[in-house]
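Each chain, letter by letter, is given below.
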Amino acid sequence: MLITKHSILTDAPPSKIWKFWSDVKTWHTWDDGLDGADIDGEFVKGSSGWLKPADGPKVKLELMEVRVNEFFHDITKLPLGRIDFYHTLERVGEQTKITQQIEMHGLLTFVFSRLIGKGLRERLPSVMNTLARQAEKA
């Protein structure tokens, strides 16, 4: 079930956005919906860790696919379900298009979409803008 998809343009090159994305320990500095996050090891396919939403319990995180400066797909595991996050960077002229898509899957999708889906939809544009502004200043 698609929860939301949002794109923005930034003057920051993909490499600057990627530095923020691949530094999981600092995700909370540009995503106000997180209290913290971390992974064990490098930012590569198969790495796992955790994230702690500001309004929820700590959950497991796994990197499913990673293409440096282009794309990564991570999942957050929930009871009887998961949330897939797709993060894409694409050059558009002199700018970078950042796209994030969020999907929920599993038996309890209908429950989690009501409990946390609305918040994810509402926060995503602001989170992406904060990320872009910080990358532009870096």
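Everything here concerns the structure above.
For the structure given in this document, a descriptive report is provided here.

Conventions we followed
- Residues numbered from 1 in each chain as written.
- Predicted model: local features only at pLDDT ≥ 70, side-chain atom pairs only at ≥ 80, totals over all residues.
- Heavy atoms only, no water.
- Axes fitted to C-alpha atoms, helices over the stretch in contact; angles between N-to-C directions.
- Helix = DSSP H or I, 4+ residues; strand = E, 2+ residues; numbered from the N terminus.
- Parallel < 35°, antiparallel > 145°, perpendicular 65-115°, else oblique.
- Left-handed = near helix turned anticlockwise from the far one by under 90°.
- Contact = heavy atoms within 4.5 Å.
- Nonpolar A, V, L, I, M, F, W, Y, C, P; charged D, E, K, R; others polar.

So, the packing of helix 1 (residues 14-22) against helix 3 (residues 109-137)
Logical step 1: Where helix 1 contacts helix 3, the two axes come as close as 9 Å, and the packing angle between them is 120 degrees. Compared by their axis directions, helix 1 and helix 3 come out oblique. The handedness of the crossing between helix 1 and helix 3 is right-handed. Taking contact as the criterion, the partners of K16, I17, F20 and W21 in helix 1 are, on helix 3, L131, A132, Q134 and A135.
Logical step 2: Taken together, the residues of the contact of helix 1 with helix 3 break down into six nonpolar, one polar and one charged.

Observations concerning the environment of V66
Logical step 1: Here V66 shows up in strand 4 (residues 59-67).
Logical step 2: Along the backbone, V66 and F43 are 23 residues apart, and their C-alpha atoms lie at a distance of 7.7 Å.
Logical step 3: Discounting chain neighbours no more than four positions away, the residues touching V66 are W18, F43, V44, K45, F71 and F72.

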